[in-house]
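Chain by chain, the residues:
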Amino acid sequence: MIYLDNAATTAVKPEVLEAMMPYFMENYSNPNSVYSFAQESHKVVDDARDTIAELLHAKGNEIYFTGGGSESDNWALKAAADAFSSKGKHIITSKIEHHAILHTCEFLEKHGFEVTYLDVDANGLVSPESLKTAIRPDTILVSIMFANNEIGTIEPIKELGAIAHEAGALFHTDAVQAFAHVPIDVQDMNIDMLSASGHKFHGPKGVGFLYLSNKVKIGSFVHGGAQERGRRAGTTNVPGVVGMAKAAKLAHENMEENIKKQIAVRNHLIDRISQEIPYAKLNGDPEKRLPNNVNFCFRFVEGESVLIMLDQKGICASSGSACTSGSLDPSHVLLAIGLPHEIAHGSIRMTISEETTMEDADYTVDSMKAIIDRLRSMSPLYEDFVKENK
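In this report, we go over the structure that sits alongside the text. (Residues numbered from 1 in each chain as written. Predicted model: local features only at pLDDT ≥ 70, side-chain atom pairs only at ≥ 80, totals over all residues. Heavy atoms only, no water.)

**Structural notes on the overall build of the chain**
Along the chain, the regular secondary structure elements total 15 helices and 12 strands. Here the chain has a C-alpha radius of gyration of 22 Å; the compact-globule value for 390 residues is 21 Å, and the two agree. By its C-alpha atoms, the chain is 75 × 55 × 35 Å across when sized along the principal axes. Within the chain, buried positions represent 56% of all 390 residues. Taking all contacts inside the chain whose residues are at least 6 apart in sequence as the whole, residues at least 24 apart take part in 74%. Distance between charge centres in the chain, computed from 36 positive and 52 negative side chains, equals 2 Å. (Helix = DSSP H or I, 4+ residues; strand = E, 2+ residues; numbered from the N terminus. Rg over C-alpha atoms; globule rule 2.2 N^0.38 Å. Buried < 20%, exposed > 50% of the residue type's maximum accessible area, 1.4 Å probe, protein only. Contact = heavy atoms within 4.5 Å. Lys, Arg positive; Asp, Glu negative; His and termini not counted. Charge placed at Lys NZ, Arg CZ, Asp CG, Glu CD.)

So this is what it looks like as structure tokens:
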């Protein structure tokens, strides 16, 4: 199997699983208990908090463990809206955010908030000038994702955060696809809140975190206990927290090497597809993109058909976000960058890892060429197009 869907989820690394195992059976204590048996669990959770904070250039008491990126996004937006509603009820985000942000914004709109959805350019970039134009005295929060989960475009976070701060608004970023893949410094980049999820960087599923600057005073999202310093109720997922911190540490220790390797394979995929498959369009910024992301639209084919045939070849890819893979609608991200429905339907997303080889990339492109040729040979639209363009 060639697994090219690492934006959906990643394999847990052996070192990560090894670090987690003692906290399932040997020291299974609840870290919030008072007896000595619980103290080791309490310590490893605190150590994990400090590890993640250090990687973000944050403080340990600014990291709050959650059930994943979607929860962290919901917490950041809903709690900020509630805390600062007396100042204003205007929120700004972009049209290409993950649905955890977009659906939360829709929820807030039903509860009296006004949301401005910024346009992006053809590469998926949010313009700082568009944010300056949209921001108002009653804007309380700006939420722009660090990097897009479908097309891989990395946004100008530092500039956007500075604009938000100049206007007195909070700045949140959904960094689920970026954390542990590219360097992030919350201090330098003007980030007040940041969401991440462990299973996107070879950690376990079902655990994530919210970076919440000590300067930001917002309430709890999950009520019912005093865990996470009274900010997020629920018994701490000790094995998950330990595994996430271990995965994050490994990713950062090898980040420079991994980035270099992934960019080489990514660019090889992009170059071969661009040169060898006609009527293929690269989506996302060609330079300002995640090291592991490749996203193309292929005219005159349906993305789902390509995926099924790739699967028959032992290749796992996707046609967009894993959260909407069952939808018949084209990607909202591709529509936002200006693609018509009929072209957006032919999208394929491939997200590699440091384990992906050049041989994997070549086998994938060779397979895709044959698959797309076969599908186009059955398309009357393609046949008519070729005749008209002879």
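**Describing the sheet that holds strand S8 (residues 208–212)**
Spatial ordering of the open sheet is given by S2-S8-S7-S6-S5-S3-S4, a layout of 7 strands whose pairing is mixed. Two strands lie at the open edges of the sheet, namely strand S2 (63–66) and strand S4 (114–118), each paired on one side alone. Strand-to-strand, the axes of this sheet are offset by a mean angle of 20°, without reference to chain direction. Across 3 bridges, strand S5 (residues 139–143) lies against strand S6 (residues 170–174) in parallel orientation. For Val142, the partnering residue across the bridge sits in S6 and is Phe171. The sheet strands contacting helix H4 (residues 69–83) are S2, strand S3 (90–94), S5, S6, strand S7 (193–197) and S8, and the helix crosses S7 at an angle near 160°. Along the sheet, helix H5 (residues 99–109) contacts S3, S4, S5 and S6; its crossing angle with S4, the most-contacted strand, is approximately 150°. (Pairing = 2+ DSSP bridges. Axes fitted to C-alpha atoms, helices over the stretch in contact; angles between N-to-C directions.)

**Observations regarding the packing of aromatic side chains**
Between two aromatic rings, the relevant description is the distance of the centres plus the angle of the planes. The final tally for this structure, using the stated rule, is 10 aromatic pairs. Relative to Phe201, the ring of Phe179 lies with its centre 5.3 Å away and its plane at 75°, an arrangement referred to as edge-to-face. Taken together, the positions of Phe179 in the loop between S6 and S7 and Phe201 in the loop between S7 and S8 put the pair 22 residues apart, joining distant regions of the chain. Assigned by exposure class, Phe179 and Phe201 land together as buried. What links up through ring pairs into an aromatic cluster is the set Tyr279, Phe300, Tyr382 and Phe385. Against the face of Tyr382 rests Arg376, its NZ or CZ located 5.4 Å from the ring centre. (Phe/Tyr/Trp six-rings, centres within 6.5 Å; stacked < 30°, edge-to-face > 60°. Lys NZ or Arg CZ within 6 Å of the ring centre and 35° of its normal.)

**What about helix H10 (residues 255–276)?**
It helps to recall that an α-helix has 3.6 residues per turn; residues three or four apart then point in one direction. Between the first and last C-alpha of H10 there are 31 Å, a value that for 22 residues agrees with the 32 Å anticipated at 1.5 Å per step. Along H10, the positions that sit buried rather than exposed are Met255, Asn258, Ile259, Gln262, Val265, Arg266, Leu269, Ile270, Arg272 and Ile273. Contact partners of the buried residues in H10: helix H9 (238–253), strand S9 (280–282), strand S10 (293–298), strand S12 (347–351) and helix H14 (358–377). (Expected span 1.5 Å × (residues − 1).)

**Some details on the environment of Lys260**
With respect to the element layout, Lys260 can be found in helix H10. Given the relative accessible area of 60%, Lys260 is considered exposed. In sequence terms Lys260 and Leu375 are 115 residues apart; their C-alpha atoms lie 34 Å from each other.

**Some thoughts on the pairing of S2**
Both faces of the sheet carry side chains from a regular strand, because those side chains alternate between them. Here S2 shows two buried faces, one formed by Ile63 and Phe65 and the other by Tyr64 and Thr66. Pairing analysis gives 4 bridges linking S2 to S8, with the strands arranged antiparallel. Across the sheet, Tyr64 pairs through a bridge with Leu210, a residue of S8.

None of this, on its own, says anything about what the molecule does.
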